[in-house]
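Examining the three-dimensional arrangement
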Amino acid sequence: MGRVPADRLPKTYYAVGDRLETSNAGWWTSGFYPGTLFYLYQFSHDTALLREAQDRLKLLEKEQYNKGTHDLGFMMYCSYGNGLRLLGNPEYKQVLLNSAASLSTRFNPKVGCIRSWDSKPWKYPVIIDNMMNLELLLWAAEASGDASYYRIAVTHANTTMKNHFRPDYSSYHVVDYDTATGDVIARKTAQGYADSSAWARGQSWGLYGYTVMYRSTHDPKYLLQAENIAHFILTNPHLPADKIPYWDYDAPDIPRALRDASAASVMASALIELSGYVPVGRGQEYLNVAEQIIVNLSGNVYHAVVGSNGGFILKHSVGHLPAKSEVDVPLTYADYYYVEAMLRYKNLAK
Ligand code: GLY
């Protein structure tokens, strides 16, 4: 809080040179800091955290009209969504509805997906991460009564289920589509080790995304998909004993490969929710893994000493290893999903 300039949002931190990296509101991670603050306020009732969350939200307000990113779900639902849930502020609701309208402009009915990136050399790229942006649309359908948001979310989830997954329920990172025919042109990676590998955070995004789809639709095919993804992850011979994944399940230098705490925190949060939708025995298996992740992330290997690590909570995440960017650093979204997982875990006891 003390280090981030008033007009910026925290992204990551490099110990060498004590360098805090921040972003503007248009970057995909902009919502995680206010979102984390809302979660921490929910837990602590500390109004200093609430004030900081509300101040940072103002920076994001203009993004409600941003039609140039598929990440509006991350940016706006993790921030304003938590704000609305805790405060019931009608202005926040309108910002979220406008955000859903902006996001839905990126949907192409021929492809059946929301477009991820506008960059070359892709034609119409869709990344597994995009499953995480559907929660905003599902909320908007409910809040506005406009069923088109629901249809877009369901269609995107169905198309992704058909084209992103391999027979073992691991997923490709990027699927590129032909907009004339809706056919798949290519299945690739951008942030993983190889096109055919299982990039760890991508597997966690898929797990979380289909769990949310089941929560909102009650369609058993999404529950089955989430369970199949969980099965791929939890039975993977390369999942370490402490359940903090390597950055890619097929990284060539396992067991020396870097771990990704962000993939672990997203997975823990998703598994806690999923545990509530399955028979008790399986639910307990999911909970045991989530508990193990939370305990291990809270130990001194991953959890920073207060005042160090640029103010971030967790160490040892991997953003984009092939681009040599954000390698073995704290990441704002690792903290967000870690805090979310702990709140979900605490609420189980109620
Ligand atoms: N959504 C981008 C990432 O997971 O790195």
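Above this text you will find the structure in question.
This is a predicted model, so every value here is computed, not measured.

1. Thoughts on the pairing of strand β6 (residues 174–177)
Every second residue of β6 is oriented toward a common face, with V174 and D176 on one face and V175 and Y177 on the other, all of them buried. Where strand β5 (residues 125–127) and β6 come together, three bridges link them in antiparallel fashion. Directly across from V126, in β6, lies its bridge partner V175. Note: β6 against strand β7 (residues 184–188), four bridges, orientation antiparallel. The partner of V175 across the bridge, within β7, is R187. Connecting β6 to the next strand, β7, in antiparallel fashion are six residues, including G182 with a positive phi near 80 degrees.

2. Focus on the sheet that holds β5
The strand order β5-β6-β7 describes an open sheet built from three strands, whose pairing is antiparallel. In this open sheet, the two strands that pair with only one neighbour each are β5 and β7. Strand-to-strand, the axes of this sheet are offset by a mean angle of 20 degrees, without reference to chain direction. Contacting β5, β6 and β7, helix α6 (residues 147–163) crosses the sheet at an angle of about 105 degrees to β6.

3. Quick word on the layout of surface pockets
Roughly 620 Å³ of internal volume is contained in the largest pocket. Considering the residues around the largest pocket, the lining is formed by 27 residues, among which M1, Y33, G311, F312 and I313 are closest to the centre. Here the element with the most residues in the lining of the largest pocket is helix α1 (residues 32–44); it accounts for five residues.

4. Let's talk about empty space enclosed by the protein
Scanning all chains against the criterion turns up one cavity of 30 Å³ or more. Roughly 40 Å³ of volume is contained in the largest cavity. Grouping the amino acids of the lining of the largest cavity by side-chain chemistry returns five nonpolar, six polar and two charged.

5. Brief notes about the pattern of salt bridges
Using the criterion set out here, one finds 17 salt bridges in the structure. Note that R106 is salt-bridged to D118, the shortest N-O span being 2.8 Å. Of this pair, R106 sits in the loop between α4 (90–104) and β3 (107–108) while D118 sits in the loop between β4 (113–114) and β5; the two residues are twelve residues apart in sequence, bridging distant segments of the chain. In this structure D118 comes out as partly exposed when scored by relative accessible area, which is 47%. As a salt-bridge pair, R344 and E340 come within 3.7 Å of each other at their nearest N and O atoms. With R344 and E340 both in helix α11 (residues 332–348), this residue pair falls four residues apart, about one helical turn. The two residues R344 and E340 agree in class, both being buried. It is possible to trace a salt-bridge network through shared partners that takes in E135, R215, E273, E340 and R344.

About the criteria used
- Residues numbered from 1 in each chain as written.
- Predicted model: local features only at pLDDT ≥ 70, side-chain atom pairs only at ≥ 80, totals over all residues.
- Heavy atoms only, no water.
- Buried < 20%, exposed > 50% of the residue type's maximum accessible area, 1.4 Å probe, protein only.
- Helix = DSSP H or I, 4+ residues; strand = E, 2+ residues; numbered from the N terminus.
- Pairing = 2+ DSSP bridges.
- Axes fitted to C-alpha atoms, helices over the stretch in contact; angles between N-to-C directions.
- Contact = heavy atoms within 4.5 Å.
- 1 Å grid on protein atoms, 1.4 Å probe; cavity = no way out; pocket = protein on both sides within 12 Å on 5 of 7 lines; lining within 4 Å.
- Points joined across faces, edges and corners; volume = space filled by probe spheres on them.
- Nonpolar A, V, L, I, M, F, W, Y, C, P; charged D, E, K, R; others polar.
- Salt bridge = Lys/Arg side-chain N within 4 Å of Asp/Glu carboxyl O.

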